[in-house]
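If you want the building blocks of each chain, they are given just below.
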Amino acid sequence: MHRVLQNAPLVGVLAIALAISGPADAAIQLLTPAGQGMHRMFSTPRVRHRSTTSTAAPSASSSPASSAAPSPAGSPAVAADDVVALSHPNSGAASPADHPVSTPLNGVGTVGALFNDDGDGDHFCTASVISSPHGNLLVTAAHCIHGGRDGGYRSDLAFVPGYHDGVRPYGTWSITAAFVDPQWADSSDPDLDVGFLTVAPRQGRQIADVVGANRLLTSQGFANIVTVVGYPAEQETPIACTNHTVMHSPSQLRFDCAGYSGGTSGGPWLANYDPQTGTGDVIGVIGGYEKGGDTDDVSYTAYFDAAVQQLYAQAR
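Residues numbered from 1 in each chain as written. Predicted model: local features only at pLDDT ≥ 70, side-chain atom pairs only at ≥ 80, totals over all residues. Heavy atoms only, no water.

(A) Structural detail: the overall build of the protein. Within the protein, the secondary structure is distributed over five helices and 17 strands. Going through the 316 residues of the protein one by one, you find that 56% of them count as buried. Surface accessibility of the protein: about 12,000 Å² in total, with carbon and sulfur atoms responsible for 51%. (Helix = DSSP H or I, 4+ residues; strand = E, 2+ residues; numbered from the N terminus. Buried < 20%, exposed > 50% of the residue type's maximum accessible area, 1.4 Å probe, protein only. Areas by Shrake-Rupley, 256 points an atom, 1.4 Å probe, with all protein chains shown as cover.)

(B) Focus on the state of the cysteines. Enumeration over the complete set of coordinates arrives at two disulfides. What pairs with Cys125 in a disulfide is Cys144, and their sulfur atoms sit 2.1 Å apart. Its S-S torsion of approximately -80° makes the covalent link between Cys125 and Cys144 left-handed. In this pair, Cys125 sits in strand β6 (residues 123–130) while Cys144 sits in helix α2 (residues 142–145), placing the two residues 19 residues apart along the sequence. The residues Cys125 and Cys144 share a single accessibility class, namely buried. Each sulfur in the disulfide pair Cys241 and Cys257 lies 2.1 Å from the other. Note on the Cys241 and Cys257 pair: the S-S dihedral is about 100°, so by sign convention the disulfide is right-handed. Taken together, the residues span a long stretch of sequence, with Cys241 in strand β13 (residues 239–249) and Cys257 in the loop between β14 (252–256) and β15 (268–274) at a distance of 16 residues. Using a relative accessible area of 6% as the deciding quantity, one classes Cys241 as buried. (Disulfide = S-S within 2.5 Å.)

(C) Representation of the environment of Val298 in the model. Position of Val298 relative to the elements: it lies in strand β17 (residues 298–302). Separated by 43 residues in the primary sequence, Val298 and Phe255 place their C-alpha atoms 5.9 Å from one another.

(D) The arrangement of helix α5 (residues 306–315) in detail. With eight of 10 residues buried, α5 is to be regarded as a mostly interior element. Residues of α5 that are buried: Val308, Gln309, Gln310, Leu311, Tyr312, Ala313, Gln314 and Ala315. Among the residues of α5, the N-terminal cap falls to Asp305, whose side-chain oxygen and the backbone nitrogen of Ala307 are separated by 3.1 Å. (Polar contact = N/O pair within 3.5 Å; in protein donor to acceptor, adjacent residues only side chain to side chain.)

(E) Geometry of the pattern of salt bridges. Applying the stated rule across the entire model yields two salt bridges. Measuring nitrogen to oxygen at the nearest pair gives 2.7 Å for the salt bridge that ties Arg254 to Asp256. A relative accessible area of 29% means that Arg254 is categorised as partly exposed. (Salt bridge = Lys/Arg side-chain N within 4 Å of Asp/Glu carboxyl O.)

(F) Region of the structure containing the pairing of strand β8 (residues 158–161). Alternating positions in β8 separate into two faces, Ala158 and Val160 on one and Phe159 and Pro161 on the other, with burial throughout. As paired elements, strand β5 (residues 111–115) and β8 share four bridges and run antiparallel to each other. Looking across to β8, one finds that Leu114 is bridged to Phe159. Bridge analysis of β8 against strand β9 (residues 173–180) gives two bridges, and the strand direction is antiparallel. Counterpart to Ala158 in the pairing with β9 is Ser174. (Pairing = 2+ DSSP bridges.)

(G) Local environment of the confidence of the model for the protein. Averaged over all residues, the pLDDT of the protein equals 78, while 69% of them reach at least 70. Here residues 5–24 is modelled with pLDDT under 50, and outside its nearest four sequence neighbours on either side it reaches 65 contacts, counting other chains as well. Segment residues 31–95 is flagged for pLDDT under 50; beyond a separation of four residues in sequence, or across chains, it makes 224 contacts in the model. (pLDDT = per-residue confidence, 0-100. Contact = heavy atoms within 4.5 Å.)

Here it is as structure tokens:
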């Protein structure tokens, strides 16, 4: 169920299929500036908390090759060949505990809470900023922004990066468009429980220029060390935890750490996390199997593969 807050009405299905070549064209909703009513969350408990172009994305394999999204403006671009060196990116990281428990944070600029009612309501999911050519892209769980089969897109969403204790250090950012894979929209496929959002600039600046951005990596294999950040709905500060990932199934990863209750859905799984900059490489988001997990001590993500890379290419 993880960790979306629920019992909120959904708006009608306003998505349209993009006429883009390729096997996995995105379903998209363009949001008008005011009052299109996003509402809270779908029926499942615990959204916990997990101009478009088409480009060919690398395929996943049993020994997947890495793929990286572009670096934010002002940062050096990383060539695909350079990313292969990240196959064992966390070899120098501290060894996680066997039974870790999450700890509270004072906020991370690249990670934030998704609010309803255009930012005036409650926070119910988590999202994070990722590098893109326009510097305006977020990644979250598909179930945070679209109800899946028989559902539709949420409207009236807003993103608050670095939120903590009622403080909005970087302001409130309006959502302008939402993207999910058609297989999520048609059948709630847990292997495609990934979604992207674009946000409007504030005061003439794009969000990545204000808070920085994480990179999106695909096909990273099943054994990683990640730091997972999320916003429990009942708390006003985010939590974080570092641990190993393991294979749950050929299309899902698992992460064990206590504290990831409703509201943490969409929280990024950050490899190579640098606490000094608050950035890392997003290799998953809380979601997927059981919409991220039915207990707060076990979380899941859909495996980020070529389908996620293609959806990113369409959203960016």
